[in-house]
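What follows is each chain in one-letter form.
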Amino acid sequence: MAVLWQTGIPRQIYARLYCSWRRARREARILSSIFRRYGARKLIEFGCGIGRHGYLLNQEGFSVLLTDVEDWRFGVARRLPFKKVDILNSDGGVGGDFDGGYAVNLMIIFSYSDMVRALKNISRIIGRGIFVADYNFELYSEPRDVEVRIGGRVYRALLEEERVVPVDGGVRYSYRVKVVDGINRVVGVEEASYPVYKKEVVFKAIQEAGFKILDIVWVTWNPIKYMYELSRGESDSAFMVMVRA
Ligand SMILES: C[S@@+](CC[C@H](N)C(=O)[O-])C[C@H]1O[C@@H](n2cnc3c(N)ncnc32)[C@H](O)[C@@H]1O
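What you are looking at is a predicted structure, and each value in this text was computed from that prediction instead of being measured.

Running from amino to carboxyl end, helix α4 (residues 112–126) crosses helix α5 (residues 199–208) at an angle of 40 degrees, the nearest separation of the two axes being 8 Å. Taken together, α4 and α5 sit at an angle that is classed as oblique. By crossing handedness, the relation of α4 to α5 is classed as right-handed. On α5, the residues that touch Tyr112, Met115, Val116, Leu119 and Lys120 of α4 are Val201, Val202, Lys204, Ala205, Ile206 and Glu208. Residues of the contact of α4 with α5, tallied by class, amount to 8 nonpolar, no polar and 3 charged.

Shown next, in the form of structure tokens:
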């Protein structure tokens, strides 16, 4: 099992910090307008994490199968069908006639060769359907100190370490975030690293995996609101719509 990204931050706190309903709603709206445009209704999500995007799309009338290498769905997303799929190692034995698939915040965790591998497996699963994935082609400025209140308790996420090193086609970003409670007790740590490739490199990986890009919805990362905003022109991030070439 290839687990490249993990968090030690408790799910409830993680959800509030990094995948708020506001953020998931914004991203689900972008996905739903794409899938409607292409007439795709039966969808599969890869690397679903806590599962909010799938839950929201399901509420909008799409049929969604959530998948991830680990099941860490949280709250209402547990009501949706789920299958464990390690997208780096196989097509997960997922049967089903999908009109499309998507992944949010997944491609970014992969090295170039893993990105190609994952996309090839995704292509096997969705066949002629469309696949939508976001990517941030530039390094974001991450917040240093974020406070959230959950059930009357205060938690702070502190960015303790950050490192950027050049790699072929971009940079590798490493970080360590510590979450503490109101009396400074550590309740969770997330320590990870991921590459940030330039758009030409990501487009090349997509092509190498046998996909062609049909459409790009450009978005800009807003570090204060901690979510994407639609952009009129080319920007730091994008939702790429692709289909088997
Ligand atoms: C950065 S999180 C994003 C989660 C969610 N999509 C979101 O936007 O909040 C990356 C997700 O990819 C999953 N993942 C990591 N390696 C994977 C693999 N090989 N196959 C499938 N999912 C994987 C992790 O378990 C995690 O849920």
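Picking up after the structure, the text goes on.
Strand order across the open sheet formed by 4 strands is β6-β7-β8-β9, with antiparallel pairing between neighbours. Edge strands, defined here as strands with exactly one partner in the open sheet, are β6 (145–150) and β9 (186–197). If you compare each strand with its neighbour and ignore which way they point, the axes differ by 20 degrees on average. Inspection of the sheet shows β6 paired to strand β7 (residues 153–167) by 6 bridges, in the antiparallel sense. Pairing of Val148 across the sheet is with Tyr155, part of β7. Contacts from helix α1 (residues 11–18) reach β6, β7, β8 (170–180) and β9 within the one sheet, and its direction differs from that of β6 by about 125 degrees.

Conventions we followed
- Residues numbered from 1 in each chain as written.
- Predicted model: local features only at pLDDT ≥ 70, side-chain atom pairs only at ≥ 80, totals over all residues.
- Heavy atoms only, no water.
- Axes fitted to C-alpha atoms, helices over the stretch in contact; angles between N-to-C directions.
- Helix = DSSP H or I, 4+ residues; strand = E, 2+ residues; numbered from the N terminus.
- Parallel < 35°, antiparallel > 145°, perpendicular 65-115°, else oblique.
- Left-handed = near helix turned anticlockwise from the far one by under 90°.
- Contact = heavy atoms within 4.5 Å.
- Nonpolar A, V, L, I, M, F, W, Y, C, P; charged D, E, K, R; others polar.
- Pairing = 2+ DSSP bridges.

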